[in-house]
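One-letter residues, chain by chain:
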Amino acid sequence: MSTTPITPESTPQGRTPATTGDRSGLPMEALRREFPILRVPVRGRRLVYLDNAATTQKPQSVIEAVARYYFRQNANIHRGVHYLSMEATQAYEEVREKTRRFLGARDTREIVFLRGTTEAVNLVAQSYGRPLLGPGDEILITHLEHHSNIVPWQMVCRQTGAILRVAPIDDRGEVVLEEWKQLLSPRTRIAAFAHVSNALGTINPIREMTALARAAGAAVFIDGAQAAAHTPIRVDEIDCDFYCVSGHKMYGPTGIGALYGRLELLESMPPYQGGGDMIASVTFEETVYNELPHKFEAGTPNIAGTIGLGKAIDFLQEHGLERIAAHEDALLDYGTNRLREIEGLRLVGTARHKAAILGFTVDGAHPHDVGTILDQEGIAVRAGHHCAQPAMERFGVAATVRASLGIYNDKDDIDDLIAGLHKVRELFG
Ligand code: C6P
């Protein structure tokens, strides 16, 4: 099947793409060519995209799969007896199987498609937490969480009388495990933590935390938003109860994500929302809910997004998450060392086990000004609190500049960032 090729609006700017220069052996030149947007100039310069924690760029295969669905396959799923509906249903359900394998789940019934991590936390808080919790029960989170992994738990605590406990982090941005363990008690019903912190880059010891929390009798929820594009995930080995990802942070479309939930728990949970497709039968007196996972997928889902997510998973697996991790680790080391050249620059988040996220402040320059100056050079970073205000407050700052790396970044990108930061120093030094 072919569709009109989607081409970028402009041609590449005269730059020789770097090879990885690291042990990963990723084919950088070819790999960068897979991303049309990297050839589109920004402010007359080549784009240096360092905002991957906010959202990643999309490879041509993902963009084309979404377009192809609308060109050739568009129909509602699970409903029609007609050809297109059956084809769309099959394509959608194939991605569920692909996602199951990608996350290492045992059963496709354990994979729920939803909008992304935010919706996943809300679903678990309301469908698992709300019926379970009562006064005196506790939910344990950590100080480095994204607001998505704080606010839904606060809401369910207000609804049920449960208490939210927060484990501290140290000056490197690591969870203080001894204190986290002490906060675990028979009252802890849910332990929720990020796999990787979006603001600090910290990689949590999720296997150890999961084993400890489960031994204490708590269910474990892991926010994998910042992990899925950077490291292999196997929920069967982690042995957590819930794990979630956002498609748009793993080279897939926005508005689609996946929640893994342990089968027995999903079976026991009431639906999150009511509507079409989540029912087996409806009368005014009684509704019988559909089987898993459809019980949690009320209404017409993001079919095109799901198909795009499937292509994003193919993309990650073709390049290999081990290789991607090796590439990003090498770049993180390089970037960390080069940032140390900049006078007055303070790294915020220096965990020993860290993902390729570089948060920092520059003396005398507000992060938003740094972001604006870098933007003039075609360099995209995020400046702000990164939806992790408690983590910012822990480091005594309101905001940081954040350069977050992805598969297509290379040393040239870091060098351009450093050159941009020298300009910042000239202006604010
Ligand atoms: N972080 C960032 O710039 P959604 O928006 O639902 O796809 O993901 C929410 C979310 C949850 N947990 C973590 C650790 C995250 O990083 C995010 C999204 C983006 O850091 C946007 S605020």
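Below is a summary of the structure that appears in this document. Residue positions are given per chain, counting from 1 as you read along its sequence in written order. The model is predicted, so local features are restricted to residues of pLDDT at least 70 and side-chain atom pairs to those at 80 or more, both for listing and for counting; the totals for chains, interfaces and linings are taken over all residues. To obtain the side-chain values, all non-hydrogen atoms of the structure were included, while hydrogens and water were left out.

## Examining the site of the ligand
Then step 1. Surrounding the ligand, one finds 16 residues, the nearest of these being Thr 118, Asp 223, Gln 226, Ser 246 and Arg 382.
Then step 2. N or O atoms within 3.5 Å of each other form a polar contact, as long as, within protein, one can give a hydrogen and the other can take it, and as long as residues adjacent in sequence are counted only when both atoms are side-chain atoms. Between the ligand and the protein, one listed contact pairs an oxygen atom with a side-chain N or O atom of Thr 118 at 2.5 Å.
Then step 3. Measuring from a nitrogen atom of the ligand, one finds a side-chain N or O atom of Lys 249 at 2.9 Å.
Then step 4. Calculation on the ligand without its partners gives an accessible area of 510 Å², and the protein chains cover 87% of this total.
Then step 5. Split into classes, the residues belonging to the shell around the ligand amount to 4 nonpolar, 8 polar and 4 charged.
Then step 6. Annotation comment: domain bounds sourced from an automatic or database domain assignment. Counting the residues that make up the shell around the ligand, at least three belong to each of domain 1 (28-46 + 321-428) and domain 2 (63-317). Any residue with a heavy atom lying within 4 Å of a molecule or strand is counted as near it. In these tables, accessible area is a Shrake-Rupley quantity obtained with a 1.4 Å probe, and a residue counts as shielded only by the protein chains included in the view. Following the grouping adopted for this structure description, the nonpolar residues are Ala, Val, Leu, Ile, Met, Phe, Trp, Tyr, Cys and Pro, the charged ones are Asp, Glu, Lys and Arg, and the polar ones are all others, Gly among them.

## Looking at the packing of helix α11 (residues 321-339) against helix α14 (residues 411-428)
How two helices sit against one another is set out by the angle between their axes and by the gap between those axes.
Then step 1. Lines fitted to the C-alpha atoms define the axes, with helices restricted to the stretch that makes contact. Angles between their N-to-C directions range from 0 to 180 degrees. Here a strand is any run of E in DSSP of at least two residues, a helix any run of H or I of at least four, and the numbering for each starts at the N terminus. At a minimum axis distance of 10 Å, the contact between α11 and α14 shows a crossing angle of 20°. Looking at the two axes, α11 sits roughly parallel to α14. Judged by the twist between their axes, the crossing of α11 over α14 is right-handed. Contacts between α11 and α14 involve Leu 331, Tyr 334, Gly 335, Arg 338 and Leu 339 from the former and Lys 411, Ile 414, Asp 415, Leu 417, Ile 418 and Leu 421 from the latter.
Then step 2. Taken together, the residues of the contact of α11 with α14 break down into 7 nonpolar, 1 polar and 3 charged. We call two directions roughly parallel when the angle between them is under 35 degrees, roughly antiparallel when it is over 145, roughly perpendicular when it lies between 65 and 115, and oblique otherwise. For any pair of crossing helices, the crossing counts as left-handed if the nearer helix is rotated counterclockwise from the farther one by less than a right angle, and right-handed if it is rotated clockwise. When checking whether two residues touch, look at their non-hydrogen atoms; a contact exists if any pair is within 4.5 Å.

## Observations concerning the sheet that holds strand β12 (residues 357-362)
Then step 1. Between any two strands, at least two bridges found by DSSP are needed for them to pair. Here 4 strands make up an open sheet; going across it, the order is β11-β12-β15-β14 and the pairing antiparallel. Whereas interior strands pair on both sides, the edge strands pair on one side only; in this sheet they are β11 (345-347) and β14 (382-384). Strand-to-strand twist across the sheet, computed as the mean angle between neighbouring axes with direction ignored, equals 30°.
Then step 2. Sheet topology places β11 next to β12; 3 bridges connect them, and they run antiparallel.

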